[in-house]
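Structure at a glance
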Amino acid sequence: MTPLWMVATLVALVIGLLIGLRLHALRSRKATPAETDGLLEEARREADALREAAEAEARELVLKEKERVERDHAERMQKAKELERDILRRESDLKAQQQRVANKDKDLSKREKTIKQKEQAAESSAKNAERSLAEAKERLERIAAMTRDQAREALKEEMLADARAEAAAQVRRIEEETAASCEARAKELIVTAISRYSGEYVSERTVSVVQLASDDMKGRIIGREGRNIRALEAATGVDLIIDDTPEAVIISCFNPVRREVARMALNRLIADGRIHPARIEEVVKKAEREVELQCKEDGEQAIFDLGLSKVHPELVKLIGSLRFRSSYAQNLLQHSVEVAFLAGLMATELGANVKMARRAGLLHDIGKAADQQLEGPHAEVGAGLARKWGESPRVVGAIAAHHGAPAPSNILDHVVQASNDLSARRPGARREALASFVKRLEDLEQVAQGFEGIRRAYAIQAGREVRVLVDTARVSDDEAVVLAREIAHKIESQMNYPGQIRVNVIRETRASDVAN
């Protein structure tokens, strides 16, 4: 590129040359002073224009030169950065390689140390073996030349060894006796809890009887073409049995709450005398509200009697509704309160949390108040409801485990399970027709025996458990698991029973011989 000073010099020369040419022309034709001044002025303007053009070109040249220099500089910087990154990457690779080499060195050092330790241990074992062999040889040599006194001493040592063995057996026997005493203590706790609490029960049945002033009222209850009785059954969900029984109407329903609503509504309709579908619906709704209020009051009373607090309102209603439910003629609300008291007494004796034990005992059968709407065993349903309405995980676990599935995992689970068994299985707590009870147990055993490879089946614990003894030659351990599942499915499909039935398949191999 042409330097700036050369451009400026060239422009000055051109301007001077132009001015000289004009002056020379003016002198040659003898121009006037005015023409001369005009020519000079014109020459100046042309010179200025040339100078400006030259300066503009010079600036453009300078800008281009600057851009070129900056571009060259940027390219050099980019190459320098790439080179720097390459160097850093190589350094990083080198450090990683050095680290790997160092790790390998450490591993080799550890292996060498381990090998040395093993060699030392092997040498020590060999020396110990040689020493033991030498001692054994010395002992044999000493026994071979043993005197009477020496034999007596050896016999003493042998007797001492036997005494030590007997002492070990005695220690084991003491441990077993300790376990037995612990079991006796547990039974003492249960007996103490039973003796300190007793409860009364009101027998509940699946039917309710409403007394009538006269048999004429039966026709009014039935209504024209049966519209009144159909409206009452549709509103309450019960069956009204109107037969030849004098001055009585029978209400039949498996749900005691609905049966109570129907009983209250029918008594009010009979007392009022106005019996028609619209009036029936109105009275039934009022009876439902009263029964719900009564459930709430009964639940609050049970909670107050147990000294509990902060129970969700929905749980309070479910607790109260247990008043209208029974199991084998045992009122479930009274049963739950009794279980709560028994659990509290046991927790007091064991030094556990009394409030939590009472809470879990009161709520352990809460699933029976809703098991007609939800699927699953009542223990599982009750645990889900308690979890939903904010009960603690320990209370939820005790509710779920009070029938042994899942197995109890802490002291609260065992306390609630034991309290439930005490309340439900004590003499007189529950009653059932003997013939139907025996028939159900026989049917249960027959269902269990209807599979191949079964030697005998026993229904125990009032029909809550079936123990199946199988032939070990025909049923393996894996097949026993499948057999238990198949028996349980068959029981579910063919029998009606309350609660749960546990199926235990027992496979046992015994070997015996006679020593003559």
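Residues numbered from 1 in each chain as written. Predicted model: local features only at pLDDT ≥ 70, side-chain atom pairs only at ≥ 80, totals over all residues. Heavy atoms only, no water.

**Here we look at the layout of surface pockets**
By volume, the second largest pocket is sized at about 460 Å³. What lines the second largest pocket is a set of 20 residues, and nearest its centre among them are V257, V291, E292, C295 and S321. Listed by contribution, the elements that provide at least two residues to the lining of the second largest pocket are α5 (227-236), α6 (256-272), α7 (277-306) and α8 (313-321). In terms of residue count, α7 provides more of the lining of the second largest pocket than any other element does, 5 residues in total. Looking at the lining of the second largest pocket, its residues break down into 10 nonpolar, 4 polar and 6 charged. (1 Å grid on protein atoms, 1.4 Å probe; cavity = no way out; pocket = protein on both sides within 12 Å on 5 of 7 lines; lining within 4 Å. Points joined across faces, edges and corners; volume = space filled by probe spheres on them. Helix = DSSP H or I, 4+ residues; strand = E, 2+ residues; numbered from the N terminus. Nonpolar A, V, L, I, M, F, W, Y, C, P; charged D, E, K, R; others polar.)

**Some words on the packing of α7 against helix α9 (residues 332-350)**
Relative orientation of the contacting elements α7 and α9 amounts to 15 degrees, with a least axis distance of 11 Å. Here α9 runs roughly parallel to α7, going by the angle between their axes. Pair α7 / α9 crosses with right-handed handedness. Residues D298, A302, D305 and L306 of α7 form the contact with α9, whose participating residues are L333, V337, A340 and F341. Considered class by class, the residues forming the contact of α7 with α9 number 6 nonpolar, no polar and 2 charged. (Axes fitted to C-alpha atoms, helices over the stretch in contact; angles between N-to-C directions. Parallel < 35°, antiparallel > 145°, perpendicular 65-115°, else oblique. Left-handed = near helix turned anticlockwise from the far one by under 90°. Contact = heavy atoms within 4.5 Å.)

**Focus on the sheet that holds strand β8 (residues 502-506)**
Spatially, the 3 strands line up as an open sheet ordered β6-β7-β8, and their pairing is mixed. The sheet terminates laterally at β6 (454-460) and β8, the two strands that pair on one side only. Strand-to-strand, the axes of this sheet are offset by a mean angle of 15 degrees, without reference to chain direction. Pairing between β6 and strand β7 (residues 465-470): 6 bridges, direction antiparallel. Its bridge partner lying in β7, A459 is registered against V466. Helix α15 (residues 477-494) contacts β6, β7 and β8 of the sheet and is inclined by roughly 150 degrees relative to β8. (Pairing = 2+ DSSP bridges.)

**Overview of helix α11 (residues 378-388)**
When α11 is considered as a whole, its buried residues turn out to be H378, A379, V381, G382, A383, L385 and A386. In this structure, the buried side of α11 is in contact with α8 and α12 (393-400). Where α11 terminates, the next one or two residues include G390, which has phi positive at roughly 85 degrees. (Buried < 20%, exposed > 50% of the residue type's maximum accessible area, 1.4 Å probe, protein only.)

**Here's the deal with the pattern of salt bridges**
Tallying each qualifying case throughout the model produces 16 salt bridges. Measuring nitrogen to oxygen at the nearest pair gives 3.4 Å for the salt bridge that ties E60 to K64. Here E60 and its partner K64 are both found in helix α2 (residues 33-144), 4 residues apart, which amounts to about one turn of the helix. R359 is the partner of E391 in a salt bridge, and the nearest nitrogen-oxygen pair spans 2.6 Å. (Salt bridge = Lys/Arg side-chain N within 4 Å of Asp/Glu carboxyl O.)

**Re the nonpolar core**
Of all hydrophobic cores here, the largest spans 38 residues; its most connected members are I303, I319 and L362. Among the secondary structure elements, those contributing two or more residues to this core are α7, α8, α9, α10 (354-363), α11, α12 and α13 (411-425). Here this core takes 8 residues from α9, the largest share from any one element. With 28 residues, the next largest nonpolar core counts L212, L232, I251 and C295 among its residues. (Core = buried A, V, L, I, M, F, W, Y, C linked by side-chain atoms within 4.5 Å.)

**Overview of the packing of aromatic side chains**
Scanning the model with the defined rule gives 0 aromatic pairs in all. Lying across the ring of F451, K490 places its NZ or CZ 5.0 Å from the centre. (Phe/Tyr/Trp six-rings, centres within 6.5 Å; stacked < 30°, edge-to-face > 60°. Lys NZ or Arg CZ within 6 Å of the ring centre and 35° of its normal.)

**Here's the deal with the pairing of strand β3 (residues 248-252)**
The buried fraction of β3 is high, at 4 of 5 residues. Note that strand β1 (residues 207-211) and β3 share 5 bridges and pair antiparallel. For V207, the partnering residue across the bridge sits in β3 and is S252. Across 3 bridges, strand β2 (residues 239-241) lies against β3 in antiparallel orientation. Bridge pairing in β3 links D239 to S252. Between the antiparallel neighbours β2 and β3 lie 6 residues, among them E247 with a positive phi of about 55 degrees.

Limitation: the analysis is restricted to geometry and does not speak to function.
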